[in-house]
Amino acid sequence: TGDKEMSTTMALVRMLTNLLRDKNVAPRLVPIIPDEARTFGMEGFFRKIGIYAHEGQKYEPEDSEQLSSYKETKSGQVLEEGITEAGAMSSWIAAATAYTNHDIEMIPVYIFYSMFGFQRVGDFAWAAGDAQARGFLIGATAGRTTLAGEGLQHQDGHSLILANTIPNCKSYDATFSYELTVIIQSGLKRMFEDKENCFYYLTTMNENYKQPELPKGAEGGIIKGMYLLEDGSSNAYKTAKPKSDQRLRLLGSGTILLEVRKAAEVLRLDYGMSVDVWSVTSFNELRKEALAVTRENMLNPSKKAKIPYVTEMLLKQKGPIVSATDHMKAHSDQVREFVPETFRVLGTDGFGRSDSREQLRHFFEVDCKFIVLAALTELKELGVVTAKQITDHMKTGGIDQNKPNPLAQ
């Protein structure tokens, strides 16, 4: 997007708009919205493809004078279900299993507030897996600190953990629109060309930021679950005289990856450290692949042992590894046994709160300041920094040693 900022939720809506221009795909696309179509920027679909109503429009909409007012029609494609997550999920399952029940392949895309997805219709999601559903579930406004000011009811930091309980659900927490695009393209191919019986849960955020171009050769890593976004040895991120031969590795996903990148800059400029930044698009997929590899190794003792993808990537350098996400610590901690170095995890355990994103991220200890603190703590164990340097950072960063534990509040 250049200097223009955009949320990944809006990027997704633009992708769907482009797909609706494709005559091969458009007739099979089923956007499903239980509520909040305007919040997600999807009101343009009302005029373009209409809201399905088996008897057509029978009332004058309250917003009839607006350009993108409600438009119900017998040939409509949008399923606007009202405030009924169970009803919307049932419609999604019907479309997602139409390939086997009616011999018609449909591409259902159900967009919901992420907190109101798996938490409220978890049994339906499990039934969808059992029925071999194919389609996309979109947890919009995901992350415990991303939906500013909405508090306990709306702030999701655990839907990816819930999604991972369903064996054939592939789940991703993309940061950038190019990551989302690559994942959706791969999902379309796997489900509708390769006929793989799986479905996708993708988180998107409502925070606006610059959306960069796809890095060359990153597609494979995006699908597998992680790729190197900032190479500490490249000229763009190189430290003149590194204080240690240890390479700090910072892992991040979703909007917290932006905080990780800020922390990397501080660690390079203020502490002379070489820092790699990895974008982790899916801790869930990394763990699934690692478990499959270790199982294969166990069953084939005479063959050379294979290395899990996450292990292989992190073996390329030596040094502490710190992970930060907008989800509970258990989400990224699930790959700990496959991480070859010390591994410190930051996450958003606890109930949601109403405040600004900046304050929420500081409260849940996943902002740039706490990521730097976590990295410095690891470096202290190696003798690279002193306790005084850490306490100085805490003072300048406004980190109170007696601050409440967000999990205990």
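Quick look at the structure, then. (Residues numbered from 1 in each chain as written. Predicted model: local features only at pLDDT ≥ 70, side-chain atom pairs only at ≥ 80, totals over all residues. Heavy atoms only, no water.)

## Things to note about the sheet that holds strand E6 (residues 107-113)
Spatially, the six strands line up as an open sheet ordered E5-E2-E6-E7-E9-E8, and their pairing is parallel. Here the strands that pair on one side only, and so sit at the sheet edges, are strand E5 (79-80) and strand E8 (169-173). As paired elements, E6 and strand E7 (residues 136-140) share five bridges and run parallel to each other. Counterpart to Ile-111 in the pairing with E7 is Ile-138. Along the sheet, helix H3 (residues 85-96) contacts strand E2 (29-33), E5, E6, E7 and strand E9 (199-203); its crossing angle with E6, the most-contacted strand, is approximately 160°. The sheet strands contacting helix H5 (residues 118-130) are E7, E8 and E9, and the helix crosses E9 at an angle near 155°. (Pairing = 2+ DSSP bridges. Helix = DSSP H or I, 4+ residues; strand = E, 2+ residues; numbered from the N terminus. Contact = heavy atoms within 4.5 Å. Axes fitted to C-alpha atoms, helices over the stretch in contact; angles between N-to-C directions.)

## Side note on the nonpolar core
Membership of the largest hydrophobic core comes to 75 residues, with the highest contact counts inside it found for Ile-111, Phe-136, Leu-202, Leu-250 and Leu-267. Top contributing element to this core by residue count: helix H15 (residues 368-381), with nine residues. Val-30, Ile-32, Phe-118 and Ala-133 belong to the second-largest nonpolar core, a separate cluster that totals 25 residues. (Core = buried A, V, L, I, M, F, W, Y, C linked by side-chain atoms within 4.5 Å. Buried < 20%, exposed > 50% of the residue type's maximum accessible area, 1.4 Å probe, protein only.)

## So, the pairing of E9
Here E9 lies mainly inside the structure; five of its five residues are buried. When E7 meets E9, the two strands line up parallel, connected through four bridges. Paired with Leu-137 across the bridge in E9 is Tyr-201. The β-α-β motif built from E8, the intervening helix H8 (residues 177-193) and the parallel element E9 has right-handed crossover chirality. (Right-handed = clockwise from strand over helix to strand, strands pointing away.)

## Observations concerning the pattern of salt bridges
If you walk through the whole model with that rule in mind, you get 22 salt bridges. Residue Glu-230 pairs with Arg-261 through a salt bridge whose shortest N-O separation is 2.6 Å. One end of the pair, Glu-230, is in strand E11 (residues 226-230); the other, Arg-261, is in helix H10 (residues 256-271), and 31 residues separate them in sequence. Relative accessible area serves as the criterion here: at 4%, Glu-230 is assigned to the buried category. The network of salt bridges with shared partners includes Glu-105, Arg-134 and Lys-195. (Salt bridge = Lys/Arg side-chain N within 4 Å of Asp/Glu carboxyl O.)

## Some points on helix H1 (residues 8-19)
Counted at 1.5 Å a residue, the expected span for H1 with its twelve residues is 16 Å, and the 16 Å between its end C-alpha atoms agrees. Where H1 is concerned, the buried positions are Thr-8, Thr-9, Ala-11, Leu-12, Val-13, Met-15, Leu-16 and Thr-17. (Expected span 1.5 Å × (residues − 1).)

## Here's the deal with the environment of Glu-381
Its location among the elements puts Glu-381 in helix H15. A relative accessible area of 63% means that Glu-381 is categorised as exposed. Taking the C-alpha atoms as reference, Glu-381 lies 9.8 Å from Pro-320; in sequence the two are 61 residues apart.

## Looking at the sheet that holds strand E12 (residues 247-252)
Taken in spatial order, the five strands of this open sheet run E11-E13-E12-E14-E15, and their pairing is mixed. Of all the strands in the sheet, the pair left with one neighbour each is E11 and strand E15 (343-346). Between one strand axis and the next, the sheet turns through 25° on average, direction left out of account. H10 contacts E11, E12, strand E13 (274-280) and strand E14 (321-324) of the sheet and is inclined by roughly 175° relative to E13.

## Structural notes on the packing of aromatic side chains
Here the structure, examined in full by the defined rule, presents ten aromatic pairs. Here the aromatic rings of Trp-92 and Phe-199 are separated by 5.5 Å at their centres, their planes lie at 70°, and the arrangement is edge-to-face. In this pair, Trp-92 is assigned in helix H3 and Phe-199 in strand E9, connecting sequence segments 107 residues apart. The exposure class assigned to Trp-92 is buried, which follows from its relative accessible area of 0%. Each ring, one from Phe-363 and one from Phe-364, has its centre 5.0 Å from the other, and the planes form 85°; the classification is edge-to-face. Taken individually, Phe-363 and Phe-364 each receive the classification buried, so the pair is uniform in this respect. Aromatic rings pair up to connect Tyr-110, Phe-112, Phe-118 and Tyr-201 into one cluster. Stacked on the ring of Phe-116, the Lys or Arg Arg-120 has its end atom at 3.8 Å from the ring centre. Positioned above the aromatic ring of Tyr-99 is the side chain of Arg-134, whose terminal nitrogen or guanidinium carbon lies 3.7 Å from the ring centre. (Phe/Tyr/Trp six-rings, centres within 6.5 Å; stacked < 30°, edge-to-face > 60°. Lys NZ or Arg CZ within 6 Å of the ring centre and 35° of its normal.)

## Brief notes about the packing of H3 against H5
Between H3 and H5, the least distance of the axes is 9 Å, while the angle of their chain directions is 10°. One finds that H3 runs roughly parallel with respect to H5. Residue-level inspection shows Glu-85, Ala-86, Met-89, Ser-90, Trp-92 and Ile-93 of H3 in contact with H5, the latter providing Arg-120, Val-121, Phe-124, Ala-125 and Ala-128. Grouping the constituent residues of the contact of H3 with H5 by class yields eight nonpolar, one polar and two charged. (Parallel < 35°, antiparallel > 145°, perpendicular 65-115°, else oblique. Nonpolar A, V, L, I, M, F, W, Y, C, P; charged D, E, K, R; others polar.)

## Let's talk about the packing of H1 against H8
Where H1 contacts H8, the axes come no closer than 9 Å and their chain directions differ by 45°. On the basis of their axis angle, the class for H1 and H8 is oblique. In this structure, the crossing between H1 and H8 has a hand that is right-handed. Contact residues: H1 offers Thr-8, Ala-11, Leu-12 and Met-15, while H8 offers Ser-177, Leu-180, Thr-181 and Ile-184. Considered class by class, the residues forming the contact of H1 with H8 number five nonpolar, three polar and no charged. (Left-handed = near helix turned anticlockwise from the far one by under 90°.)

## Let's talk about unusual backbone geometry
We note that Lys-195 has phi near 60°; this positive angle belongs to a residue other than glycine. Along the chain, Lys-195 turns up in the loop between H8 and E9. Phi is positive for Glu-365, close to 65°, though the residue is something other than glycine.

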